Amino acid sequence: MQEKLTKGIFFGLIGNIFFVVFGLVCLLYYYTYNSESFFSRLLEAVAYCTEILGFGLLIYSDYLLIVSIRLRRLLKISFSAYIVIEAVMLELNSYRFEFYQPYSLPLAIVHAVVSALVCFAFLQLDPENTKYEIAIIVCIALILAGMLGNILGIRIYFSIMANALGFSVMFGGIHFLRNREEIEIDCYGDRARVAEFNSST
């Protein structure tokens, strides 16, 4: 299960990096849009590809985290809900609805606060690890900074990009700390190995 956890963290990192690229491409697309331009059509195709790949990797990462990590129900539920919320927001942003205002400050605040809470839930992995706490704090700071995009009148893609950047830092931090064996995350099956070791002493 530790191998599945490693893959889950890795794909979570790559999936969020895809969404950073997606946000950048979308912002460039809307600021340079020309219906007759090949460049605009190319950007649109790249945006769709990065979005699909990003969601695919995040969903797979979520699955691997759920099946490998012991307990941490709040973390698992919140990360799954986060992925659904991001998908709904992006889908709504593709259409024009009177009830949905992608530039609204209340939406930016709610989006940032919910995302920050999801990031905070990941603290369950190792709540007493100072270095990991720093990674979580940086992630939350980047997410909350995404609200500035709406204050400045930038589309919701800026907030999504800030979220993805924050979660990239978090997943990258977990990956780095695990490689240095500075964070321990217990998975299903770990207890059996411990019991076997104890029985032989």
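Residues numbered from 1 in each chain as written. Predicted model: local features only at pLDDT ≥ 70, side-chain atom pairs only at ≥ 80, totals over all residues. Heavy atoms only, no water.

(A) Geometry of the nonpolar core. The biggest cluster of nonpolar side chains holds 45 residues, and the ones touching the most others in it are Phe79, Phe122, Tyr132, Phe167, Met170 and Phe171. At the level of secondary structure, the elements contributing two or more residues to this core comprise α1 (2-31), α2 (38-68), α3 (73-93), α4 (105-121), α5 (130-145) and α7 (157-179). No other element matches the 10 residues that α1 contributes to this core. In this structure, Met170 is in contact with Cys119, Phe122, Ile136 and Cys139, ignoring residues within four places of it in sequence. (Core = buried A, V, L, I, M, F, W, Y, C linked by side-chain atoms within 4.5 Å. Buried < 20%, exposed > 50% of the residue type's maximum accessible area, 1.4 Å probe, protein only. Helix = DSSP H or I, 4+ residues; strand = E, 2+ residues; numbered from the N terminus. Contact = heavy atoms within 4.5 Å.)

(B) Seen up close, the pattern of salt bridges. Per the counting criterion, the structure on display carries 4 salt bridges. The partner of Lys131 in a salt bridge is Glu182, with the nearest N and O atoms 2.9 Å apart. Of the two residues, Lys131 is situated in helix α5 and Glu182 in the loop between α7 and α8 (190-199); the sequence distance between them amounts to 51 residues. (Salt bridge = Lys/Arg side-chain N within 4 Å of Asp/Glu carboxyl O.)

(C) Structural context of the packing of α4 against α5. In contact at an axis separation of 9 Å, α4 and α5 are set at 170° when each is read in the N-to-C sense. By the angle between their directions, the pair α4 and α5 is classed as roughly antiparallel. Of the residues in α5, those touching α4 at Ala112, Ser115, Ala116, Cys119 and Phe120 are Ile136, Cys139, Ile140, Ile143 and Leu144. Of the residues contributing to the contact of α4 with α5, the split by class is 9 nonpolar, 1 polar and no charged. (Axes fitted to C-alpha atoms, helices over the stretch in contact; angles between N-to-C directions. Parallel < 35°, antiparallel > 145°, perpendicular 65-115°, else oblique. Nonpolar A, V, L, I, M, F, W, Y, C, P; charged D, E, K, R; others polar.)

(D) Region of the structure containing the side chain of Lys76. Residue position: Lys76 is located in helix α3. Look at Lys76: it is buried, it has no salt bridge, and the nearest opposite charge is Asp62 at 9.1 Å. Once you skip the residues sitting within four places of it in the chain, Lys76 turns out to touch Asp62, Leu65, Ile66, Ile69, Arg70, Leu71 and Tyr188. (Lys, Arg positive; Asp, Glu negative; His and termini not counted.)

(E) Broad picture of the packing of α1 against α2. Closest axis-to-axis distance for the α1/α2 pair is 7 Å, and the angle between their directions is 155°. Relative to α2, the element α1 lies roughly antiparallel. Here α1 runs over α2; the crossing is left-handed. (Left-handed = near helix turned anticlockwise from the far one by under 90°.)

(F) Examining the packing of aromatic side chains more closely. Tallied over the entire structure, the rule returns 13 aromatic pairs. Aromatic side chains Tyr60 and Tyr63 sit 6.4 Å apart centroid to centroid with 15° between the ring planes, which places their arrangement in the stacked category. In this pair, Tyr60 and Tyr63 both sit in helix α2, 3 residues apart, roughly one turn of the helix. When the centroid spacing of 5.4 Å and the interplanar angle of 85° are considered together, the rings of Phe79 and Phe122 count as edge-to-face. Taken together, the residues span a long stretch of sequence, with Phe79 in helix α3 and Phe122 in the loop between α4 and α5 at a distance of 43 residues. You can call Phe79 buried: its relative accessible area is 1%. Taking relative accessible area as the criterion, Phe122 reaches 1% and is therefore assigned buried. The rings of Phe79, Tyr82, Phe122, Phe167 and Phe171 are connected pair by pair, giving a single aromatic cluster. (Phe/Tyr/Trp six-rings, centres within 6.5 Å; stacked < 30°, edge-to-face > 60°.)

(G) Spotlight on α2. The terminal C-alpha atoms of α2, which comprises 31 residues, lie 45 Å apart, in line with the 45 Å expected from a rise of 1.5 Å per residue. Where α2 begins, the side chain of Ser37 points an oxygen toward the backbone nitrogen of Phe39, at a separation of 3.1 Å. (Expected span 1.5 Å × (residues − 1). Polar contact = N/O pair within 3.5 Å; in protein donor to acceptor, adjacent residues only side chain to side chain.)

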